[in-house]
There are 2 protein chains.
Amino acid sequence: MHYIGIDIGGTNIKAGRIDDSGQVSALEKAPTPTNDLNALVATIERIVVTLQSNATVSGIGIGVPGLRNARTGIIQTAPHIRSIRGVNLEQLLQDKLKLPVVTENDANAGAYGEWACGAGKGRQHVAYITLGTGLGCGLIFPGKLFRGVSGYAGELGHTVVEPDGRPCACGAVGCLETRVSATGIVQTAWEAHFGGEGVTAEDVYKAAMQGDRIAIGIFQETGRYLGMACSNLINLLNPEAIVIGGGVMASGDLLLAAAREEVNRRAFAPSAADCAIVQSHLWPDAGIIGAAMLARDSS
Amino acid sequence: MHYIGIDIGGTNIKAGRIDDSGQVSALEKAPTPTNDLNALVATIERIVVTLQSNATVSGIGIGVPGLRNARTGIIQTAPHIRSIRGVNLEQLLQDKLKLPVVTENDANAGAYGEWACGAGKGRQHVAYITLGTGLGCGLIFPGKLFRGVSGYAGELGHTVVEPDGRPCACGAVGCLETRVSATGIVQTAWEAHFGGEGVTAEDVYKAAMQGDRIAIGIFQETGRYLGMACSNLINLLNPEAIVIGGGVMASGDLLLAAAREEVNRRAFAPSAADCAIVQSHLWPDAGIIGAAMLARDSS
């Protein structure tokens, strides 16, 4: 059996044909039409046709960057892709493609992927954090995707870590995402007078790898906040594992070492002892694999 | 059918005989022997015998102020009652009393009570916060007590809201409990130069009720932090209701109004719209009623 997993990002749509054990056998990519629903649907149709060309596909899973109402299937908010706001994208695509389609919040899809066939496999209580431009999170417990009452659960990036902290894209201040994300790293770099106009998280990472003390400090500070996020999850939810992925995690141990130190300072010892903090196994494909596994398991 | 619900506090043991609909028909109270396990067990035995004197009891539920390992039944930590640390209290009491006994973290028991027959009744996703000397929390979802992988979940009081905040009794700094609890209110009062040595949260409340602006400000600030806690729960867990109880909630609307304002500023609108923030219906008996209902539902 094959499934198609699709991840609709703010810049690109990424898709794969994935077998029922989570192996990717083909990949496709296209720019995301963000303001035109018809163009978005046409792009997805083209991708699906291509991925169907030499294998039978049984279903499609799609990760979307927004809040999906689990009762109605409607995308309630999607800040970066306004055209899908208020749309039941799975119904729309199902009618066009004549295949079962499920949609899910993109970080939830990633969490499901890591749990079904990645770093969280075999565990019942897993939290997944993905660090890119923002901070996404999905929760698995016990042994299934946790959606909350309406499907909106998992917005760890918008929990407060500093009451009067940095302004966040969501409109609030002091959200975790303002510290622990590529955007947060860039802001921390500015505040540390590192680099000039247009400095990126990758620039900071490269400098840190070359031993630049300020750059290392920026990653350590980011890791410290990541550790607070992990401590909060550990104390509140007592998970077996926290799996961390996303582009920023290319920096791996630099962040994780500082995060683990902070967890040791803050989390309750018995709960911390139960919880492995590990890197994603599926990055950069966690989202499409998870979406495909959601299609597999909902059929 | 009747059950006995017991709440072992740092100062007093409180117990009730409770029918299977959650009605309390008798109450007992005794000082807690905190450093002598035999004396503690003897006190509980005496209370149970008294409550059995004119009704048949089918089981006993006990809330304990600490982390209970759900796999082994052992009380892993109990900062205020050292004698029960490392003890399987339910096994010990079951052998003595010849009745089924279950133990549970005290805030979890309160959450279960509010969900089974209080302000959370009929809902599937409920978070419960109890404000006393510290801040306790229990989570119900979906439709049952959420314990995490080992039984330690629910320690909202020890999630970070200020990275470099006040020292907490747990050894970390900046925990929510250092702001939102009777202890936190007293600290805020000191910082605001309100009252003198020995000022209590109740003193601050009484002054606020008489229109004292500083006292009102102290409660508003406490409510603001309570609102951050609620926002964090809403964004992370998307519950249907947050039920707030405990002695500090005698101040009711004074805290809740400020908390709701902060939620409106911070929580995602669709998730906030789904979540009622309400006062406990069972206070001050939520803990014993919940413990009894846990005994009912585990038999």
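For every chain, the first residue of the written sequence is number 1, and numbering continues from 1 along that sequence. Ligands are numbered from 1 and chains lettered from A, in the order in which they are written. This being a predicted model, a pLDDT of at least 70 is required before a residue's local features are given, and a value of 80 or more before pairs of side-chain atoms are given or counted; all residues contribute to the totals for chains, interfaces and linings.

### Here's the deal with the overall build of chain A
Here's step 1: Looking only at helices and strands, one finds nine helices and 11 strands in chain A.
Here's step 2: Partly exposed residues are those whose C-beta has more than 12 but fewer than 20 other C-beta atoms within 10 Å; 20 or more makes a residue buried and 12 or fewer makes it exposed, with C-beta atoms placed from the backbone. Per-residue burial for chain A yields a buried fraction of 58% across its 299 residues. For helices the rule is a DSSP run of H or I covering at least 4 residues; for strands it is a run of E covering at least 2, with both sets numbered from the N terminus onward.

### Structural notes on the interface of chain B and chain A
Here's step 1: Remark: residues whose backbone-derived C-beta atoms lie within 7 Å of one another are considered to be in contact. On the chain A side, the residues contacting the 35 residues of chain B number 35 residues.
Here's step 2: Elements with a contribution of two residues or more to the side of chain B that touches chain A: β6 (75-77), α6 (213-237), α7 (253-266) and α8 (269-274) of chain B.
Here's step 3: Classifying every residue of the side of chain B that touches chain A gives 15 nonpolar, 14 polar and six charged. Residues were grouped as follows: Ala, Val, Leu, Ile, Met, Phe, Trp, Tyr, Cys and Pro as nonpolar; Asp, Glu, Lys and Arg as charged; and all remaining residues, including Gly, as polar.

### Considering the packing of helix α4 (residues 182-191) of chain B against α6(B)
Residue and element names in this part refer to chain B.
Here's step 1: Remark: α4 packs on α6, axes separated minimally by 10 Å, with the N-to-C direction vectors making an angle of 130 degrees. As far as their axial angle goes, α6 and α4 are oblique. For α4 against α6, the interelement crossing comes out right-handed. Residues Gly184, Ile185, Thr188 and Ala189 of α4 form the contact with α6, whose participating residues are Ile218, Glu221 and Thr222.
Here's step 2: Of the residues belonging to the contact of α4 with α6, the class tally is three nonpolar, three polar and one charged. Fitted lines through C-alpha atoms give the axes, limited to the stretch in contact for helices. The angle between two N-to-C directions lies from 0 to 180 degrees. Here the word oblique covers every angle except those under 35 degrees (roughly parallel), over 145 (roughly antiparallel) and from 65 to 115 (roughly perpendicular). Each crossing is labelled by how the near helix is turned from the far one, with a counterclockwise turn of less than a right angle marking it left-handed and a clockwise turn marking it right-handed.

### Considering the packing of helix α5 (residues 201-209) of chain A against helix α6 (residues 213-237) of chain A
All names here are of chain A.
Here's step 1: Between α5 and α6, whose axes approach to 7 Å, the crossing angle comes to 115 degrees. The two elements α5 and α6 meet at a crossing, and its hand is left-handed. Mapping the contact onto sequence places Val204, Ala207 and Ala208 in α5 and Ala215, Ile216, Ile218 and Phe219 in α6.
Here's step 2: Split into classes, the residues belonging to the contact of α5 with α6 amount to seven nonpolar, no polar and no charged.

### Things to note about the domain arrangement of chain A
A common way to express how large an interface is: the accessible area buried when the components associate.
Residue and element names in this part refer to chain A.
Here's step 1: These domain limits were set by an automatic method or by a database of domain assignments. For chain A, the assigned domains read domain 1 (2-110 + 285-298) and domain 2 (121-279).
Here's step 2: Here the C-alpha centre of domain 2 lies 26 Å away from the C-alpha centre of domain 1.
Here's step 3: Opposite the 11 residues of domain 1 that make contact, domain 2 presents 12 residues.
Here's step 4: Among the elements of the structure, β5 (67-68) and α3 (106-117) are those that each provide at least two residues to the side of domain 1 that touches domain 2.
Here's step 5: The residue inventory of the side of domain 1 that touches domain 2, partitioned by class, reads four nonpolar, four polar and three charged.

### A word on the sheet that holds strand β7 (residues 101-105) of chain A
Residue and element names in this part refer to chain A.
Here's step 1: Paired strands, in this sense, are two strands between which DSSP finds at least two bridges. Across the sheet, which stays open at both edges, the five strands sit in the order β3-β2-β1-β4-β7 with mixed pairing between neighbours. A single partner strand is all that each edge strand has here, and the edge strands are β3 (24-31) and β7. When strand polarity is set aside, the average angle formed by the axes of neighbouring strands in this sheet is 20 degrees.
Here's step 2: By the bridge criterion, five bridges tie strand β4 (residues 57-64) to β7 in an arrangement that is parallel. Bridged to Ile62 within β7 is Thr103.
Here's step 3: On top of the sheet, helix α2 (residues 89-97) reaches β4 and β7; it is set at about 155 degrees to β7, its chief contact.

### Points about the sheet that holds strand β8 (residues 126-131) of chain A
Pairing between sheet strands relies on hydrogen bonds along the backbone, with the strands arranged either parallel or antiparallel.
All names here are of chain A.
Here's step 1: The strand order β9-β8-β10-β11 describes an open sheet built from four strands, whose pairing is mixed. Bordering the open sheet on either side are β9 (135-140) and β11 (276-279), each of which pairs with just one other strand. Direction aside, neighbouring strands of the sheet carry axes that sit 20 degrees apart on average.
Here's step 2: In this sheet, β9 lies alongside β8 in antiparallel orientation, the contact comprising six bridges. If you follow Leu131 over to β9, its bridge partner there is Leu135.

### A word on the relation of the copies chain B and chain A
Here's step 1: Each copy of the sequence occupies a distinct position, and chain B is placed on chain A by a rotation of 180 degrees and an axial shift of 0.0 Å, giving an RMSD of 0.0 Å. Taken together, the turn and the small shift mark the pair as related by a two-fold rotation axis.
Here's step 2: A high fraction, 100%, of the interface residues of chain B reappear at the interface in chain A, so the copies pair face to face through one surface. To line up the copies, we fit them by least squares on C-alpha atoms, keeping just the residues with pLDDT of at least 70 in both.

### Re the environment of Ile288(B)
Residues and elements named next belong to chain B.
Here's step 1: Along the chain, the position of Ile288 falls in helix α9 (residues 286-298).
Here's step 2: Ile288 sits 179 residues away from Ala109 along the chain, and the two C-alpha atoms are 7.5 Å apart.
Here's step 3: Aside from chain neighbours lying at most four places away, what touches Ile288 is Gly5, Ile6, Asp7, Lys14, Ala15, Gly16 and Ile18.

### Looking at helix α1 (residues 37-52) of chain B
Given 3.6 residues per helical turn, the α-helix brings residues three or four places apart onto the same face.
Here's step 1: Expected helix span is computed as 1.5 Å times (number of residues minus one). Over its 16 residues, α1(B) runs 22 Å from end to end, which matches the ideal 22 Å to within 8%, given 1.5 Å per residue.
Here's step 2: Packed against the buried residues of α1(B) are β1 (2-8), β2 (12-19), β3 (24-31), β4 (57-64) and α2 (89-97) of chain B.

### Examining the pairing of β4(B)
All names here are of chain B.
Here's step 1: The element β4 is largely enclosed, with a buried count of six among its eight residues.
Here's step 2: The pairing of β1 with β4 spans six bridges and is classified as parallel. Within β4, the position partnered with Gly5 by the bridge is Gly61.

### Some points on the environment of Leu233(B)
Residues and elements named next belong to chain B.
Here's step 1: With respect to the helices, strands and loops of the structure, Leu233 is situated in helix α6.
Here's step 2: Overall, Leu233 belongs to the buried group, with 25 C-beta atoms counted inside 10 Å.
Here's step 3: For the pair Leu233 and Glu28, spaced 205 residues apart in the sequence, the C-alpha separation amounts to 35 Å.
Here's step 4: Apart from the residues lying within four places of it in its own chain, the contact partners of Leu233 are Ala127, Pro239 and Ile242.

### Digging into the confidence of the model for chain A
Here's step 1: Confidence of the predictor at the level of single residues is given by pLDDT, which spans 0 to 100. Taken residue by residue, chain A gives an average pLDDT of 96. The fraction at 70 or more is 100%.
Here's step 2: Predicted as a complex, the structure gets a pTM of 0.97 and an ipTM equal to 0.97.

### Things to note about α3(A)
Here's step 1: For α3(A), built from 12 residues, the straight-helix expectation of 16 Å at 1.5 Å per residue is met to within 8% by its first-to-last C-alpha distance of 17 Å.
Here's step 2: With 12 of its 12 residues buried, α3(A) lies for the most part within the structure.

### Examining the environment of Val57(A)
Residues and elements named next belong to chain A.
Here's step 1: Positionally, Val57 belongs in strand β4.
Here's step 2: Val57 sits in the partly exposed class, given 19 other C-beta atoms within 10 Å.
Here's step 3: Excluding residues within four positions of it along the chain, Val57 makes contact with His2, Tyr3, Ile4, Arg17, Leu51, Gln52 and Leu99.

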